[in-house]
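Each chain is listed here by its residues.
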Amino acid sequence: MSGQPDLGRADLVGMLAELTGKPADQIPHRVGSMELAWLVHLVEQRYDVRMDLTDDQLAGIRTVDDALTVFHTSLTAAADG
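In what follows, the accompanying structure is described. (Residues numbered from 1 in each chain as written. Predicted model: local features only at pLDDT ≥ 70, side-chain atom pairs only at ≥ 80, totals over all residues. Heavy atoms only, no water.)

Re the packing of helix α2 (residues 33-47) against helix α4 (residues 64-80)
How we decide: To get an axis, a line is fitted to the C-alpha atoms, and for a helix only the part in contact is used. The angle between two axes follows their N-to-C directions and goes from 0 to 180 degrees. Counting from the N terminus, the helices are DSSP H or I runs at least four residues long and the strands are E runs at least two residues long. Crossing handedness is read from the near helix: turned anticlockwise from the far helix by less than a right angle, it gives a left-handed crossing, and turned clockwise, a right-handed one. Any two residues whose heavy atoms approach within 4.5 Å at even a single point are treated as in contact. Here the term charged refers only to Asp, Glu, Lys and Arg, the term nonpolar to Ala, Val, Leu, Ile, Met, Phe, Trp, Tyr, Cys and Pro, and the term polar to all other amino acids, Gly among them.
One can describe the packing of α2 onto α4 by two numbers: an axis separation of 12 Å at closest approach and a directional angle of 35°. Pair α2 / α4 crosses with right-handed handedness. Residues Leu36, Leu39, Val40, Val43 and Tyr47 of α2 lie in contact with α4, whose contacting residues are Ala67, Phe71 and Leu75. Looking at side-chain class alone, the contact of α2 with α4 contains eight nonpolar, no polar and no charged residues.

Next up, the structure:
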């Protein structure tokens, strides 16, 4: 993988829909610790990488959009390094 990962907001919402059994349009914008752990797990599996997220990065993830930003940063760093 090189450059920007192909991970999008819709991907994360779909992953959360899978976890909760709810339709994607009913997934809340905010994510809790269980949802975040699920997202990290699935993204790591999808890209076959280990995202070594710092405590500060994890603490800063409160929404799907926050997660997308942090994941993009981590995946891009993994691809470059």
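Description of unusual backbone geometry
Most peptide bonds take the trans form, and the phi angle of most residues other than glycine is negative. Stated precisely, the cut-off is as follows: Partly exposed describes any residue whose relative accessible area lies between the buried limit of under 20% and the exposed limit of over 50%, with all areas from a 1.4 Å probe on protein chains only and scaled to the type maximum.
Despite not being glycine, Asp48 has its phi angle at roughly 50°, a positive value. Here Asp48 lies in the loop between α2 and α3 (55-59). Using a relative accessible area of 71% as the deciding quantity, one classes Asp48 as exposed.

Notes on helix α1 (residues 9-20)
To be explicit about the condition: Under the convention used throughout, the expected extent of a helix is 1.5 Å for every residue step, that is, one less than its residue count.
With 12 residues, α1 should cover 16 Å at 1.5 Å per step; its first-to-last C-alpha distance of 17 Å lies within 8% of that length. Among the residues of α1, those classed as buried are Leu12, Val13, Met15, Leu16 and Ala17. Where α1 ends, the next residue or the one after it, Gly21, has phi of about 75°, a positive value.

Concerning the nonpolar core
Condition: Residues belong to one nonpolar core when they are buried, are Ala, Val, Leu, Ile, Met, Phe, Trp, Tyr or Cys, and are joined through side-chain atoms within 4.5 Å.
In this structure, Leu7, Leu12, Leu39, Val43 and Phe71 are the most contacted members of the largest nonpolar core, which totals 23 residues. Contributing elements (two or more residues each) for this core: α1, α2 and α4. Every residue in contact with Leu39, bar those within four places of it in the chain, is listed here: Leu12, Met15, Leu16, Val31, Ala67 and Phe71.

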